[in-house]
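Structural characterization, general
One letter stands for each residue in the lines below.
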2 protein chains.
Amino acid sequence: MLYLIGLGLGDAKDITVKGLEIVRRAKHVFLEAYTSILSVPKETLEEFYGRKVVIADRDFVEQSSDDILADAVDNDVAFLVVGDPLGATTHTDLILRAHQTGVQHRLIHNASIINACGACGLQLYNFGEIVSIPFWTDSWKPNSFFDKICANLKSGLHTLCLLDIKVKEQSIDAMIKGKVVYEPPRYMSVNIASKQLLEIIESKATDSYPNELFNEKTVVIALARIGCDDQTIKTCQLKDMLAIEMGAPLHSVIIPGKLHPIEIEMMSIFADNSQTK
Amino acid sequence: MLYLIGLGLGDAKDITVKGLEIVRRAKHVFLEAYTSILSVPKETLEEFYGRKVVIADRDFVEQSSDDILADAVDNDVAFLVVGDPLGATTHTDLILRAHQTGVQHRLIHNASIINACGACGLQLYNFGEIVSIPFWTDSWKPNSFFDKICANLKSGLHTLCLLDIKVKEQSIDAMIKGKVVYEPPRYMSVNIASKQLLEIIESKATDSYPNELFNEKTVVIALARIGCDDQTIKTCQLKDMLAIEMGAPLHSVIIPGKLHPIEIEMMSIFADNSQTK
């Protein structure tokens, strides 16, 4: 059996009891390490589980999925995923391959940023479509997420913006020289996210489209390390999110839609704005 | 400290290790029992935790929240919530009161139907606003959720429909006679949900509004007991959801929007349609 086990968002102890029991009896334990990160290193998980954990990056999963699945025919194999195992589209492929090769699989759910983002005080029922904000390059600046945010705002709905993660990306310079060199991991900060959002707002602003819905003065919510002991939540105007300090990754951003009085009250409690005032 | 601890969706072992440690050391353990249910009774939780668990229904929380909070000033108090503690709006009040009275609180997140519904094969990124479908009475038939589903469909987005739960509702007959008698708990089935949806479609259908977006032939997904060992997922046309057998609660319904080929493939794997074909 292939178990896809959610680890939740914080540290080693955010795994469920059910998940932990499977990890402790599984023949092999893999940790997916390219769509999210925990606040603790692999070694802390190994110590807590009492098991060796093999880091499964994108290349590993693509190249070794046949081996992982072959092993899961007669044994329990645990594939650990930060958050919920269905939070990232990238695991769909492993599940499809398991099905094609007749390997049974089971999901052990856990919290993901998709529900834990409610920790900022907004009601989960009032969110619209989730968007992902990718790192821009000099020549590649996709902005379709912006229209989705505006569509949500038009309907009065909040938008959770997931920020890009680049793990084990090949260096283009090295690639040109025929070498395989990996860039250090990069996690988009709320500062970069606001920079990109402001650039889109600037580029779209015309006399006929002043964008009253979403502009530099729109109040946004910056989230960092949700579910961790040191989670940080701050509200500010979009332009001020350029310079706020949120600390270590992972960061996310929420663009609130129409706010209910209770949500405003909850936001004022949950957001710690001491450094931004 | 007041801990609001998510229990996840299945049985006693879906609590996180972190949550379990708090439950085992807390002075008092309350179980919220009016917005969702686990597949196991209170006694199973008590045995697993090694602790007495007090059922906290709506009346109890409203009447005893001052006592709960007073206790949490100097002690750890665990307030258990099925799913994620932020999945239901009803706990907002307890958090606000905790804040007003200076009682520290902390959330221990877990899976909720909001992310675990991805188990049907649809991508969580492609969902729009969540809707709740309430039980209708002869004289009260709200249908605002229908317009929200249509708005999602228009944008190509999936809709998660949460189905009503009535726990410890007073009997109106008894109330008229001046007595307090509680109705047995009711959990909306996918059959009732489809009946109400079909009635709205029927009532809205006109020559000028044939509702091509959402009609009796629209393919829908019925979910039951997601996250439990016996979870059941079936796809069928809305009119056929009237008669499918999904077993014990809790049920939910998903109205898929525009489907990606991968989602169609995943749906065909995850949905067990053996009884509906």
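Everything numeric in this text was worked out from a predicted model, so none of it was measured.

1. A closer look at the interface of chain A and chain B
Contact residues are listed per partner, giving 49 residues for chain A and 49 residues for chain B. When chain A packs against chain B, close to 4300 Å² is buried across both sides, 63% of that on carbon and sulfur atoms. When the buried area of chain A at its contact with chain B is split by residue, Val17(A), Lys18(A) and Tyr125(A) rank highest and sum to 16% of it. At the surface where chain A touches chain B, the tally comes to 8 salt bridges. Note that Arg106(B) and Asp229(A) form a salt bridge whose closest N and O atoms lie 2.8 Å from each other. Contributing elements (two or more residues each) for the side of chain A that touches chain B: α1 (17-25), α4 (92-100), β5 (105-108), α5 (113-116) and α9 (261-270) of chain A. Its residues placed into classes, the side of chain A that touches chain B shows 23 nonpolar, 16 polar and 10 charged.

2. A look at the environment of Thr92(B)
Note that Thr92(B) resides in helix α4 (residues 92-100). The class of Thr92(B) is buried, set by a relative accessible area of 7%. Ignoring anything within four residues of it in the chain, the contact list for Thr92(B) reads Gln123(A), Ile262(A) and Met266(A). Engagement of the side chain of Thr92(B) in a polar contact is seen with the side chain of Gln123(A), the distance being 3.1 Å.

3. Notes on the domain arrangement of chain A
Residue and element names in this part refer to chain A. Each assigned domain of chain A is listed here: domain 1 (2-111) and domain 2 (114-270). Each of domain 1 and domain 2 has a C-alpha centre, and these two points are 27 Å apart. With 13 residues of domain 1 in contact, the opposing surface of domain 2 contributes 13 residues. Around 930 Å² of area is buried between domain 1 and domain 2 when both sides are counted, 58% of it from carbon and sulfur atoms. When the area that domain 1 buries against domain 2 is broken down by residue, the three leading residues are Leu-9, Ile-37 and Asp-57, summing to 42%.

4. A short note on the pattern of salt bridges
The final tally for this structure, using the stated rule, is 30 salt bridges over all chains. Lys239(A) is paired through a salt bridge with Asp240(A); the nearest N and O atoms lie 3.7 Å apart. Taken together, the salt bridges that share partners define one network made up of Asp11(A), Asp14(A) and Lys18(B).

5. Observations regarding unusual backbone geometry
All names here are of chain A. Going from Pro-249 to Leu-250, the amide bond is cis rather than trans, its omega being 0 degrees. Examined against the element boundaries, Leu-250 turns out to sit in the loop between β11 (232-237) and β12 (251-255). One non-glycine residue with positive phi stands out, namely Arg-225, at about 50 degrees. Turning to its location among the elements, Arg-225 is positioned in the loop between β10 (219-224) and β11.

The rules we used
- Residues numbered from 1 in each chain as written.
- Chains lettered and ligands numbered in written order.
- Predicted model: local features only at pLDDT ≥ 70, side-chain atom pairs only at ≥ 80, totals over all residues.
- Heavy atoms only, no water.
- Contact = heavy atoms within 4.5 Å.
- Buried area = accessible area lost by both parts, 1.4 Å probe.
- Salt bridge = Lys/Arg side-chain N within 4 Å of Asp/Glu carboxyl O.
- Helix = DSSP H or I, 4+ residues; strand = E, 2+ residues; numbered from the N terminus.
- Nonpolar A, V, L, I, M, F, W, Y, C, P; charged D, E, K, R; others polar.
- Buried < 20%, exposed > 50% of the residue type's maximum accessible area, 1.4 Å probe, protein only.
- Polar contact = N/O pair within 3.5 Å; in protein donor to acceptor, adjacent residues only side chain to side chain.
- Domains from an automatic or database assignment.

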